[in-house]
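# Fold and geometry: a report
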Amino acid sequence: MLNEKKALLLIGSPKKKNSTSESLGNYLLEGLNKKGYISEKLHIISILKDDVEGLFAKVNDADIVIVSAPLYVDSLPSPLIKAFELIGQNRKGMSNSKSQRFISIVNNGFPESFHSNTALKICKIFVDNAGFQWLGGLAIGCGPAINGMPIKNLGGMTRNIVKSLDITIDTIAKNESIPLEAINLVSKEIIPSWLYTLIANRGWKIQARKFNAHKSLYIKPYIK
């Protein structure tokens, strides 16, 4: 139908399936589908190799673009940064009659959500320069705890994330900016930081043993 709104999810994770970024984005798309949107999702790492022109066409046709990505060294994964550069170049001087909106979700592997704030600012700069309307961003900590699973199936651990995304879905439908309530809800710790750190440290040791590197975890080669 001509009046249907189009939602496009850009998944910035280098994982081609079962990423936390995709899990978070999928929940938004499912909610927007119920609001009458037609939706599509693209994995950036694949579309950059296979069909850059197709990426441009889908981005330029969307009513709302959602970027969901993990934090990489206080920034975004390099394929997503490359996509931003290419999309920005493609949209230079482009006249678009419809107002296109944009939101970002950045999850990180730390207990606290604020580590994602710089990456969200990078998204905001891109949006301003590429001619989108910025509706806001969500920063999420403890991303590996989700581990690509559907967040609605994780019970109490993700209750605040679910509440935040439900508010965000209503926000998009009303063409309003993401409210502070949603930002604060999603920034709350999924599990206590001490427990998350304990589990994470144990996980690192298990991985190190798997690759026979467990005896090298505490070496300090540059200390004399």
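Here goes a summary of the coordinates provided. Computed from a predicted model, the values in this text were never measured in an experiment.

## What to know about the pairing of strand β5 (residues 133-140)
With 6 of 8 residues buried, β5 is to be regarded as a mostly interior element. Pairing between strand β4 (residues 101-107) and β5: 7 bridges, direction parallel. In the strand pairing of β5, I105 is matched with L138. A crossover links β4 with its parallel partner β5, the connecting element being helix α5 (residues 117-130), and its sense is right-handed.

## Some details on the pattern of salt bridges
Under the definition given, this model contains 6 salt bridges. A salt bridge links E30 to K152; its shortest N-O distance comes to 3.5 Å. Of this pair, E30 sits in helix α1 (residues 20-34) while K152 sits in the loop between α6 (143-146) and α7 (159-173), and the two are 122 residues apart along the sequence. According to the relative accessible area criterion, E30 is partly exposed, its value standing at 35%. Residues E40 and K58 are paired through a salt bridge, measuring 3.0 Å at the closest nitrogen-oxygen approach. Residue E40 is found in strand β2 (residues 38-43), and its partner K58 is found in helix α3 (residues 52-61); the two are separated by 18 residues along the sequence. On the basis of relative accessibility, which here comes to 34%, the residue E40 falls in the partly exposed class. The class of K58 is partly exposed, set by a relative accessible area of 31%.

## Structural notes on the sheet that holds β4
Hydrogen bonds between backbone groups are what pair the strands of a sheet, and the pairing can be parallel or antiparallel. Overall, parallel pairing links the 5 strands, which are arranged β2-β1-β3-β4-β5 in an open sheet. Edge positions in the open sheet fall to β2 and β5, since each of these has one partner strand only. Sheet twist, expressed as the mean angle between neighbouring strand axes with direction ignored, is 15°. With 6 bridges connecting them, strand β1 (residues 6-11) and β2 associate as parallel partners. Within β2, the residue paired with K6 across the bridge is I38. Where α3 meets the sheet, it contacts β1, β2 and β3 (64-70), and its direction lies at approximately 135° from that of β1.

Basis of the calculations
- Residues numbered from 1 in each chain as written.
- Predicted model: local features only at pLDDT ≥ 70, side-chain atom pairs only at ≥ 80, totals over all residues.
- Heavy atoms only, no water.
- Buried < 20%, exposed > 50% of the residue type's maximum accessible area, 1.4 Å probe, protein only.
- Helix = DSSP H or I, 4+ residues; strand = E, 2+ residues; numbered from the N terminus.
- Pairing = 2+ DSSP bridges.
- Right-handed = clockwise from strand over helix to strand, strands pointing away.
- Salt bridge = Lys/Arg side-chain N within 4 Å of Asp/Glu carboxyl O.
- Axes fitted to C-alpha atoms, helices over the stretch in contact; angles between N-to-C directions.
- Contact = heavy atoms within 4.5 Å.

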